[in-house]
Structure formats: C-alpha cells, structure tokens
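One letter stands for each residue in the lines below.
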Amino acid sequence: MEKPGKVYAETDRLFLRQFRLQDVDPFYKYRTTPAVAAFQSWEGYTYADAESFVRKQIAHTPNQPGTWFQFAIALKSSNELIGDCALHTPSNEPRIVEIGYTLALEHQGNGYVHEAVTALLHYIFHTLGKHKVIAFSDVRNEKSIRVLERLGMRREGHLLQNYMSKGQWVDEYQYSLLQSEWMVQEHACRQAE
Ligand SMILES: CC(C)(COP(=O)(O)OP(=O)(O)OC[C@H]1O[C@@H](n2cnc3c(N)ncnc32)[C@H](O)[C@@H]1OP(=O)(O)O)[C@@H](O)C(=O)NCCC(=O)NCCS
C-alpha cells in the first residue's frame, strides 16, 4: 500500500494525516454536498477554493497561533480521504483551542468522527499540552451535538445569533472540555478495560 504521508495520529481504522494534492477531488465533493454544507458558513464553494485550501494545508503545521490547521481523516485500508478535523490556535490565548470536523455523507453513521476526534483530543491534551478545548455547533445540528456529547464535552453556553449562515443569524451552542476532565475520562476508560 502507498505511504500515508505525515501521520499525526492513528486509530484502529483511521489516519489523521497531512493533506496531499490527491485529496482535492474528494475534499471538493464532500464540501459541496448540500447535506454536509447545511450548517456551515461556506457558500458558493468552487473547485479553485478547494485546491487553494488543500495547497495551504500541505504547507502548514499544527499549533501556529492565529491559524487553523486541518487534519485529513483517511481510511487506513486505502488512505482515501473521507473527512477532516480542524484545530484553531488563537493568537490571544493559544492554550485554549477550538476544534471542528466534517465527514463525507457516504461515510457518516460509522463512528469515524468519534474515533478521529478522540485521537485529536489525545494529541491536543498530551502532545500539545493544551488547557482547554472548545467547539461550536449550530443548535439545529443534531448529529454534531451528538458527536460532542458522546466525546464527554460539556455544553457551557447558548450563544444567540452568533454566526451568519446562508443569509440568516444562527444560534450556536459552545461545548468545552478541560485537560483535567479529559485525563479523568481517559483514566476511567482504562479502568473499564
Ligand atoms: C457532524 C458529523 C461529522 C457527524 O457525523 P456522524 O457520522 O454522525 O458521526 P460519527 O462518525 O461519530 O458517527 C456516529 C454515528 O455512527 C454510529 N455508529 C455506527 N457504527 C459505529 C461504531 N463502530 N462506533 C461508533 N459509532 C458507530 C453511532 O451510533 C452514531 O449514530 P447516531 O448519532 O445516529 O447515534 C457529520 O454529520 C458532518 O460532517 N456534518 C457536516 C459538517 C458539520 O456540521 N460539522 C459540525 C460543525 S464543526
């Protein structure tokens, strides 16, 4: 099998790896799937946007204050891109980071994002030593809310009309997880094994 490229984390079924040029086609396809884009801010996304995004990510490294880094989620069996998860490191407080995630429609419902984001949280809290992770979800995005709650993240805010999507102001929930809470969860999982 071909080499996966730079791998940041690995699970039973997945690599979280650096983007590569071959990812542009599948990335463009899922970004422009209406059901995938429904609760996202992007509109009128073009193939050129996708290519420019992937090229930037190929040259990027995680944990640079003031930037988003996008990890490609790839199936270990084929190295095929099936989605991505993102890490935002703000410049004003880089110890508190934000995450996001997207999965191609045909791969949803298999637990891949749960598996990928669990590995991402491990990387964030252990390798990067971050203090807190936050995530936002459109209040109507039930699948995303289930992802966050299944990860043990706490809903700590309901933010009214917090972002503009498809021409309307939308409410968001803010979810959070402290490094100390993650360590307790990991310990409990190990005890249960
Ligand atoms: C949000 C989103 C990533 C959720 O995708 P998803 O496939 O439902 O999430 P997971 O990959 O974690 O899969 C969980 C589902 O797989 C099921 N599942 C099946 N096999 C499983 C397995 N082996 N292990 C775990 N879960 C499994 C779970 O029961 C769960 O289904 P449920 O929510 O109906 O109970 C996806 O809908 C998406 O990309 N949406 C568009 C982008 C977006 O809105 N992102 C969020 C904002 S940043």
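Look up a bit, the structure's there.
The model shown is predicted, which means the values in this text are computed figures rather than measured ones.

A. Quick look at the site of the ligand. Taken together, 19 residues lie around the ligand, and Leu103, Gly109, Val113, Asn141 and Arg146 are the ones closest in. Between Tyr101 and the ligand, the recorded distance is 2.8 Å, taken from a backbone N or O atom to a nitrogen atom. Look at the ligand: alone it shows 950 Å² of surface, and the protein chains cover 72% of it. Put simply, the ligand lies in the largest pocket. Mapped by element, the contributors of at least two residues to the shell around the ligand are strand 5 (96-103), helix 4 (112-127) and helix 5 (142-150). For the shell around the ligand, the leading source of residues is helix 5, giving five residues. A class-by-class count of the residues in the shell around the ligand yields six nonpolar, 10 polar and three charged.

B. A look at the side chain of Thr11. Relative to the helices and strands, Thr11 is located in the loop between strand 1 (7-10) and strand 2 (14-17). Here the side chain of Thr11 touches Glu115 through a polar contact of 2.7 Å, side chain to side chain. If we skip the residues at most four places from it in the chain, Thr11 touches Lys76, Glu115 and Ala119.

C. Structural view of the environment of Val139. With respect to the helices and strands, Val139 occurs in the loop between strand 6 (132-138) and helix 5. Between the alpha carbons of Val139 and Leu160 there is a distance of 9.8 Å; along the sequence they are 21 residues apart. Among residues more than four places away in sequence, those in contact with Val139 are Ile145, His158, Asp171, Glu172 and Tyr173.

About the thresholds
- Residues numbered from 1 in each chain as written.
- Predicted model: local features only at pLDDT ≥ 70, side-chain atom pairs only at ≥ 80, totals over all residues.
- Heavy atoms only, no water.
- Near = heavy atom within 4 Å.
- Polar contact = N/O pair within 3.5 Å; in protein donor to acceptor, adjacent residues only side chain to side chain.
- Areas by Shrake-Rupley, 256 points an atom, 1.4 Å probe, with all protein chains shown as cover.
- 1 Å grid on protein atoms, 1.4 Å probe; cavity = no way out; pocket = protein on both sides within 12 Å on 5 of 7 lines; lining within 4 Å.
- Sits in = over half its atoms within 2 Å of the grid points.
- Helix = DSSP H or I, 4+ residues; strand = E, 2+ residues; numbered from the N terminus.
- Nonpolar A, V, L, I, M, F, W, Y, C, P; charged D, E, K, R; others polar.
- Contact = heavy atoms within 4.5 Å.

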